Amino acid sequence: MRLTCPHCGERDLREFAYKGDALALSRPEANAELQAWHEYLHIRDNPAGPTRELWYHTPCGSWMVAERDTATHAVHRTMTPAEATK
Amino acid sequence: MADLIARPATHGLLPIEIGSVVLEDAQPEAITWIAPYNRKKSAVTRTLGGFPGPGQVVEVKAGRALSVGPGQALILGAPAACDDAAVVDQSDGWTVVALDGAAARDVLARLTPLDLRDSALSENATARTLLGHMTASITRTGPYRYELMVFRSMTQTLIHELTRAMKHVAARARLSGPG
């Protein structure tokens, strides 16, 4: 599998670390319901299909969001978290 | 005060020549990490005489500047200073060696997942990547010459890994050679 680092370009999977669902970028407000915080921290889907994930390019220190498909292993798009949360 | 003699971490370990490849010391006088403050990149570029984009090496007043991450560069050469950027002297933090020879690329190919073909890593291009289990910076400084940087504490591991790969590539060449 190859991923495109927003800074370095296309690189091998071995250079990257998986950091979980990109849901982590959608932090609830500080005064949100307990339920919202519970879901933010603990509840994750396990989809066979399109996902949005956080990845980290270890050698250069860049975070990114990758849109990929767990059923086909296709990587559709990668972007910086700033672009992803715009 | 006593005049201390600076020694690179590779002191007494290099050069090593195996087959067509030589591994040698390439430690510069100083290594300076530079990260321009917000909206100060053009000012920093003017002060330094250049600033590398992703994957680039550019000549600057103090020496050569390598891109090492988003908004960060390492200057190899004379000590560099700049008021518009975060500047850290990392001279003692890195070991720089050069791998030179016709089979240098074959040796590196055994250790790094980086695409080393001319189309992906041309002369004067640089990349942050892995070398064995270490994060490293690889810069192609000639058609058959690469400069490799790792943290100074990993010098012996670097030399061990490279020496092993150099032996394996040389053994392969003997097997497939004439006769």
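Since the structure is predicted, the reported quantities are computational estimates derived from the model, not experimental observations. (Residues numbered from 1 in each chain as written. Chains lettered and ligands numbered in written order. Predicted model: local features only at pLDDT ≥ 70, side-chain atom pairs only at ≥ 80, totals over all residues. Heavy atoms only, no water.)

Visitor: What should I look at first to understand the overall build of chain A in this one?
Guide: Assigned secondary structure in chain A consists of two helices and six strands. Helices (α) and strands (β) of chain A occur, in sequence order from the N terminus, as β-β-β-α-β-β-β-α. C-alpha extents for chain A along the principal axes are approximately 40 × 30 × 20 Å. Carbon and sulfur atoms make up 51% of the accessible area of chain A, which amounts to about 5,400 Å² in all. Here chain A contributes 10 positively and 12 negatively charged side chains, and the mean placements of these two sets differ by 7 Å. (Helix = DSSP H or I, 4+ residues; strand = E, 2+ residues; numbered from the N terminus. Areas by Shrake-Rupley, 256 points an atom, 1.4 Å probe, with all protein chains shown as cover. Lys, Arg positive; Asp, Glu negative; His and termini not counted. Charge placed at Lys NZ, Arg CZ, Asp CG, Glu CD.)

Visitor: Please explain the pairing of strand S3 (residues 30-36) of chain B as it appears in this structure.
Guide: Here is the key point about a regular strand: its side chains alternate between the two faces of the sheet. Residues and elements named next belong to chain B. Counted residue by residue, S3 has six buried out of seven residues, so it is predominantly covered. Pairing analysis gives five bridges linking S3 to strand S6 (residues 72-77), with the strands arranged antiparallel. Bridging across to S6, Thr32 finds its partner in Ile75. As defined by bridge partners, S3 adjoins strand S7 (residues 85-89) across five bridges and the pair is classed as antiparallel. Bridging from a neighbouring strand, Pro36 pairs with Ala85 of S7. (Buried < 20%, exposed > 50% of the residue type's maximum accessible area, 1.4 Å probe, protein only. Pairing = 2+ DSSP bridges.)

Visitor: Explanation requested: the domain arrangement of chain B in the structure shown.
Guide: Reports of interface size often rely on the accessible area that becomes lost once the parts have come together. Residue and element names in this part refer to chain B. One can read the domain layout of chain B as domain 1 (16-28 + 92-176) and domain 2 (30-89). For domain 1 versus domain 2, the distance between C-alpha centres works out to 24 Å. Counting residues at the interface gives 13 residues for domain 1, matched by twelve residues for domain 2. Contact between domain 1 and domain 2 buries roughly 1,000 Å² in total, counting both sides, with carbon and sulfur atoms accounting for 62%. The tally of links from domain 1 across to domain 2 stands at one salt bridge. Linking domain 1 with domain 2 are three residue pairs in polar contact (both at pLDDT 80 or more). (Domains from an automatic or database assignment. Contact = heavy atoms within 4.5 Å. Buried area = accessible area lost by both parts, 1.4 Å probe. Salt bridge = Lys/Arg side-chain N within 4 Å of Asp/Glu carboxyl O. Polar contact = N/O pair within 3.5 Å; in protein donor to acceptor, adjacent residues only side chain to side chain.)

Visitor: Help me understand the pattern of salt bridges in this model?
Guide: Where charged atoms from two side chains of opposite charge come close, those side chains can pair. All names here are of chain A. Following the criterion strictly, the structure yields twelve salt bridges over all chains and no others. Between Arg11 and Glu15 there is a salt bridge, with the nearest N and O atoms lying 3.0 Å from each other. Take Arg11 and Glu15: they sit in the same class, and that class is buried. Here Glu53 and Arg68 are joined by a salt bridge, their closest N and O atoms 2.6 Å apart. Of this pair, Glu53 sits in strand S4 (residues 50-57) while Arg68 sits in strand S5 (residues 62-69), placing them 15 residues apart in sequence. Across this residue pair, the class does not change: Glu53 and Arg68 are buried. By sharing partners, the salt bridges in this structure join Arg52, Glu67 and Arg77 into a single network.

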